[in-house]
Amino acid sequence: MLDIGRKLQDLREAHGLSQRALARRAGISNALISLIEKEKTSPSVASLKKILDSFPVELSDFFAPRPEGPPKTDAPRE
């Protein structure tokens, strides 16, 4: 199951933005950002596009599955 709120919060925090700063950049309310991150509401496609336009992230990349756990390497084990 896709956790849009958690992914959005992780993305926002990775870019060092507060909810308020992201809301200003996206031209939407701070309350909407908060509700999305708390999984209290789902954003419309238009709202999510506005939010993601604030980052160097495409809509398709946002929905791409993330790898679970630590990255795998081809290094031999000792």
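Refer to the preceding data block for the structure.
Residues numbered from 1 in each chain as written. Predicted model: local features only at pLDDT ≥ 70, side-chain atom pairs only at ≥ 80, totals over all residues. Heavy atoms only, no water.

**Q** Any chance you could explain the packing of aromatic side chains here in plain terms?
**A** Aromatic ring pairs are reported here in terms of the distance separating the ring centres and the angle at which the planes meet. A full pass over the atoms with the stated rule returns one aromatic pair. Summarising the aromatic geometry, the rings of F62 and F63 are spaced 5.3 Å apart at their centres and angled 90° between planes, so their arrangement reads as edge-to-face. What makes F62 buried here is its relative accessible area of 3%. A relative accessible area of 36% places F63 in the partly exposed class. Between K7 and the ring centre of F62, over which it is positioned, the NZ or CZ distance is 5.2 Å. (Phe/Tyr/Trp six-rings, centres within 6.5 Å; stacked < 30°, edge-to-face > 60°. Buried < 20%, exposed > 50% of the residue type's maximum accessible area, 1.4 Å probe, protein only. Lys NZ or Arg CZ within 6 Å of the ring centre and 35° of its normal.)

**Q** Which parts of the structure should I look at to understand the nonpolar core?
**A** Soluble globular proteins tend to bury their nonpolar side chains together. Ranked by internal contacts, the top residues of the largest apolar core, which has 17 residues, are L8, L11, L22, I33, I51, F55 and F62. Secondary structure elements with two or more residues in this core: α1 (4-14), α2 (19-26), α3 (30-37) and α4 (45-52). Of all the elements, α2 adds the most residues to this core, at four residues. Setting aside chain neighbours within four positions, we find L22 in contact with L8, R12, L17, I33, I51, S54 and F55. (Core = buried A, V, L, I, M, F, W, Y, C linked by side-chain atoms within 4.5 Å. Helix = DSSP H or I, 4+ residues; strand = E, 2+ residues; numbered from the N terminus. Contact = heavy atoms within 4.5 Å.)

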